[in-house]
There are 2 protein chains.
Amino acid sequence: MDERAALAVLEDELGPVGDDAAVVDDLVVTTDMLHETTDFPPGTTRYTAGWRAVGASLSDVAAMGGQATAAVAAYAAPEFDEEELLAFVRGASDVCERVGAEYVGGDLDGHEEFTVATTAFGTTDAPVRRSGAAVGDRVCVTGTLGRSAAALELFDRAKLERDDGSGDWSGSTETDANERDAALERANELFRFEPRVGAGRALAPHASAMMDSSDGLARSLHQLSEASDCGFAVDAETIPVDDAVFETTETDEAALERTITFGEDFELVATIPETALEAAQAATTVPLTPIGTVVESDITIDGEPLSDRGYTHG
Amino acid sequence: MDERAALAVLEDELGPVGDDAAVVDDLVVTTDMLHETTDFPPGTTRYTAGWRAVGASLSDVAAMGGQATAAVAAYAAPEFDEEELLAFVRGASDVCERVGAEYVGGDLDGHEEFTVATTAFGTTDAPVRRSGAAVGDRVCVTGTLGRSAAALELFDRAKLERDDGSGDWSGSTETDANERDAALERANELFRFEPRVGAGRALAPHASAMMDSSDGLARSLHQLSEASDCGFAVDAETIPVDDAVFETTETDEAALERTITFGEDFELVATIPETALEAAQAATTVPLTPIGTVVESDITIDGEPLSDRGYTHG
C-alpha cells in the first residue's frame, strides 16, 4: 500500500485528513518526520536542517491561516555531536523567532539515521481549508517558486563525494574547493525558506481555500481541485519563478518545468475571490501573484493539461 | 556526547528542559520518538504500539497536571500495511479517548525501521514541575509499579525467534504455541498502560512536585532530587509492586529490584505536603501510595543508598 492508499485508509478511520494541519477547538496542530537520506541532501548544515524541518511544520500552520505559537522537535541521530545539536536547535529557534513563535525543545533519541520529527502548533478562530475554492476565484501564490529546486541542483553540483565515491577532496584545486563551498553556502541559503505565517494570517479573511506548495505547484493545484471539486486555468507566464532557478537550468522552459513540479518551496497557494484580491494584496507584505482562475473542471496551463506529477507543456 | 550531556547543552541554549513537557502560555506540549528495536519488543502488536507511543506523551501532559487535549503521531515504516496502520491508529485513538483527548492524525513516512514520533498537548493554568518538593512532604506514587518490567519478561519468554534464530515455530507443539500466544496477549495487555491524566489533574492542586515514572522509580527520585534540591527516604515495603511482577521473578527481592529500576510504567511520582495527603488521596480515583518522605539530602531505601540506575539493597 503506498502513501496515498494509506491516507485513504486513515481518512476512512479518522475523518478528513487532507488539510495541512488538524484543528482542535481553536488550536492548529501539525507534525512531520524527515530523514537524512530523503530530505537533507549531503551538504545541508544542521542549522539549515533545524530551520527547514521546523519551518515545514510552521508552514502547515500558516496554510491554515493560523498564528504559529510554538514548535517542538524530536531529534534522532547515531551520536550527539555538540556543535551539530546546537546548530540544529539554533536553526529551529531562529525560524520560530522569524514568525513570532517559540521553539520549546523536544526529545533526543539514538537512531542509526539522522531523523527529525517536528510538531508546530498555533491558533486560529477561522481555519482556511483546502475546500472552498469557487469558480471565478483567482488562484494566487506568495513569494517566488523554485528556490528548493535550485538549492537541490547546487547541492548536487557540490556533492560531497567525488565521482569515485571516495569523499576525498584533497586532490582538488583551491578554485574547485572555493566553488564548492560557495555552492554549498548558496544551496543552504536557498534551502532556508521563510514560513508564510504572516501572509497566511493576512490572507485568511480573504481566501476561499489555501494550502502550502510543499509538494509542488502542480500537485497543490490537484489537491485543491480534489478538495474543492473545481478546476484551474493557469497562465504560465505569470508564475513567479525565482531567479535562482535560472542559475541552475539551461532553458526558460526547463526552469518553468522545475518550478512547477519540484515543490518543497513552502509558499502559499490560495484561491481568492476577484473582489477581494486587491485587499488581499494590500494586506500581505510579501508579493501575492495571481497565476490563474478557478474553473469548473480540468487543470490546465496555457490551455494544456497540467498533470499531477510531471509537467508537460506544449 | 551521551544523551545527558546533550541535554545539558540544550539546557544552556534553551533554558530549563528538565520537565516532562514544555509550557507555552497555558498550553502543555511534549514530544517523543520511539523505535521498533529499542521500544517495541518482538510480539508488540501495532495496536499496543499506538496505544503506548501516544500514551507516553499523554503521560507527560499528566505529569504537569494538565488536561490532555489531543495527540498526533508521525508513523514511519518500511511499508504501509493496512491492517497494521489501522491497528496503530485505533490504539492511538483508544488511549486518547481513555483520557478525554482526541487523536487527530499525523504524518506517514517511508523509513527502514518502524519509528513513531508522538506529540501530545493539553492545557493547565498551574503546571506542576519537578522542582518544588519540600522537606517533610510525602512522596507518593499512583497505581502499581512493574507492569512494563513484567511485560518485557513475557515478551522475552514468547520471543518470536527460536534459539536457532530461524523464526520457525512450525515444529513446536500445540501446547507451546498456546502458551506463547497467551504470554504475548498478557504481555501486550500489561504494556498498555493507563495514562494518569485524571490523577495528574486531581493531584495538581496538592502536589509540590511531580513527574512520571517512565525512567523507573529510582531515576525519578534522582531527577526530582536534582530539580528540587532535596533527598528522599523511601520505605521499601510500602512500594506498590504490581502482582504481574511476581509472576515473572523468582524472589520477592528480585521483584522489588525490577520494580524500582526498570521503569517504563508511566505512573505519577508526586511529592505532597503531609497536611494535603488525605485530600489528595480522596481526589484521585486511582490508589495513591505514600512510599517515603522528602529529606534534606541523600536518596535512601530502608536507610541504604538508592543508586540512580541500578538498585542495590542490603
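Residues numbered from 1 in each chain as written. Chains lettered and ligands numbered in written order. Predicted model: local features only at pLDDT ≥ 70, side-chain atom pairs only at ≥ 80, totals over all residues. Heavy atoms only, no water.

### Notes on the domain arrangement of chain A
By a widely used convention, the size of an interface equals the accessible area lost when the partners come together. All names here are of chain A. When cut into domains, chain A gives domain 1 (3-123) and domain 2 (129-314). Using C-alpha coordinates to define each centre, domain 1 is positioned 20 Å away from domain 2. Taken together, the contacts link 30 residues of domain 1 with 26 residues of domain 2. Interface area, domain 1 with domain 2, both sides summed: about 2400 Å², of which 54% is carbon and sulfur. Here domain 1 is connected to domain 2 by 4 salt bridges. Scanning the region where domain 1 abuts domain 2 turns up 15 residue pairs in polar contact (both at pLDDT 80 or more). Going through the elements one at a time, helix 3 (46-63), strand 3 (67-77) and helix 4 (82-98) are the ones with two or more residues in the side of domain 1 that touches domain 2. In terms of residue count, helix 3 provides more of the side of domain 1 that touches domain 2 than any other element does, 11 residues in total. Considering only residue class, the side of domain 1 that touches domain 2 consists of 13 nonpolar, 10 polar and 7 charged. (Domains from an automatic or database assignment. Contact = heavy atoms within 4.5 Å. Buried area = accessible area lost by both parts, 1.4 Å probe. Salt bridge = Lys/Arg side-chain N within 4 Å of Asp/Glu carboxyl O. Polar contact = N/O pair within 3.5 Å; in protein donor to acceptor, adjacent residues only side chain to side chain. Helix = DSSP H or I, 4+ residues; strand = E, 2+ residues; numbered from the N terminus. Nonpolar A, V, L, I, M, F, W, Y, C, P; charged D, E, K, R; others polar.)

### Some remarks on the state of the cysteines
Within this structure, the stated rule accounts for 0 disulfides over all chains. Of all cysteine sulfurs in the structure, the one in Cys230 of chain B sits closest to Cys140 of chain B, which takes part in no disulfide; the separation is 13 Å. (Disulfide = S-S within 2.5 Å.)

### Some remarks on unusual backbone geometry
Outside of glycine, negative phi angles account for most residues, and trans bonds account for most peptide bonds. Look at Asp298 of chain A: it is not a glycine, yet its phi comes out positive at around 70°. Mapped onto the secondary structure, Asp298 of chain A falls in the loop between strand 10 (288-295) and strand 11 (299-301). Phi angles above zero are rare outside glycine, and Asp229 of chain B is one such case at about 55°. Mapping Asp229 of chain B onto the fold places it in the loop between helix 8 (217-228) and strand 8 (231-234). On the basis of relative accessibility, which here comes to 69%, the residue Asp229 of chain B falls in the exposed class. (Buried < 20%, exposed > 50% of the residue type's maximum accessible area, 1.4 Å probe, protein only.)

### Digging into the interface of chain A and chain B
Taken together, the contact between chain A and chain B spans 48 residues of the former and 49 residues of the latter. Carbon and sulfur atoms supply 71% of the area that chain A and chain B bury against each other, a total of about 4000 Å² over both sides. Here chain A is connected to chain B by 1 salt bridge. Along the contact surface separating chain A from chain B lie 11 residue pairs in polar contact (both at pLDDT 80 or more). Of all the elements in the fold, those that place two or more residues in the side of chain A that touches chain B are helix 1 (3-14), strand 1 (22-24), strand 2 (27-35), strand 3, helix 4, strand 4 (102-110) and strand 5 (115-123) of chain A. When residues in the side of chain A that touches chain B are grouped by element, the largest group, 9 residues, is from strand 4 of chain A. Looking at the side of chain A that touches chain B residue by residue, the class counts come to 26 nonpolar, 10 polar and 12 charged.

### Concerning the relation of the copies chain A and chain B
Here the second copy of the chain follows from the first by a rotation about an axis and a shift along it. It takes a turn of 180° to lay chain A on chain B, together with a shift of 0.0 Å along the axis; the resulting RMSD is 0.0 Å. Taken together, the rotation angle and the small translation identify this as a two-fold axis. In terms of C-alpha distance to the rotation axis, chain A has Ala117 of chain A as its closest residue, with the C-alpha 3.1 Å off the axis. In this assembly the copies share their binding face: 100% of the residues contributing to the interface of chain A also contribute to that of chain B. (Least-squares fit on C-alpha atoms with pLDDT ≥ 70 in both.)

### A short note on the UniProt feature "binding site: Mg(2+) 2" (unreviewed entry) in chain A
Within the UniProt annotation, "binding site: Mg(2+) 2" (unreviewed entry) is assigned to Asp32 and Asp60 of chain A. Annotated residues spanning 29 residues; largest pairwise C-alpha distance 9.7 Å, indicating a single compact cluster. With respect to the helices and strands, the residue Asp32 of chain A is situated in strand 2. Asp32 of chain A gets classed as buried once you look at its relative accessible area, which sits at 16%. If we skip the residues at most four places from it in the chain, Asp32 of chain A touches Ala56, Ser57, Asp60, Val116, Ala117 and Thr118 of chain A together with Asp107 of chain B. Polar contacts involving the side chain of Asp32 of chain A include one to the side chain of Ser57 of chain A, which spans 2.9 Å. With respect to the element layout, Asp60 of chain A can be found in helix 3. Here Thr30 of chain A takes part through its side chain, which lies 3.1 Å from a polar atom of the side chain of Asp60 of chain A. (UniProt positions renumbered as here; feature names shortened; annotations may be inferred.)

### Regarding the pattern of salt bridges
In total, this model carries 24 salt bridges over all chains according to the counting rule given. Here Arg219 of chain A makes a salt bridge to Asp308 of chain A, at a shortest N to O gap of 3.3 Å. With Arg219 of chain A in helix 8 (residues 217-228) and Asp308 of chain A in the segment after strand 12 (304-305), the pair connects residues that are 89 residues apart, well separated along the chain. Owing to a relative accessible area of 23%, Asp308 of chain A belongs among the partly exposed residues under this scheme. A salt bridge links Arg186 of chain B to Glu189 of chain B; the shortest N-O distance between them is 3.2 Å.

### A word on the packing of aromatic side chains
On inspection of all chains with the given rule, the structure shows 17 aromatic pairs over all chains. Measuring from ring centre to ring centre gives 5.6 Å for Phe40 of chain A and Phe114 of chain A, while their planes differ by 35°; the resulting arrangement is tilted. Of this pair, Phe40 of chain A sits in the loop between helix 2 (36-39) and helix 3 while Phe114 of chain A sits in the loop between strand 4 and strand 5; the two residues are 74 residues apart in sequence, bridging distant segments of the chain. With respect to burial, Phe40 of chain A and Phe114 of chain A carry one shared label: buried. Look at Tyr75 of chain B and Phe88 of chain B: their rings are 4.9 Å apart centre to centre, the planes differ by 70°, and that puts the pair in the edge-to-face class. With a gap of 13 residues between them, Tyr75 of chain B in strand 3 (residues 67-77) and Phe88 of chain B in helix 4 (residues 82-98) connect regions that are remote in the sequence. An aromatic cluster of three or more residues is present, and its members are Phe40, Tyr75, Phe80, Phe88 and Phe114 of chain A. A cation over an aromatic ring shows up here: Arg52 of chain A above the ring of Phe191 of chain A, its NZ or CZ 3.6 Å from the ring centre. (Phe/Tyr/Trp six-rings, centres within 6.5 Å; stacked < 30°, edge-to-face > 60°. Lys NZ or Arg CZ within 6 Å of the ring centre and 35° of its normal.)

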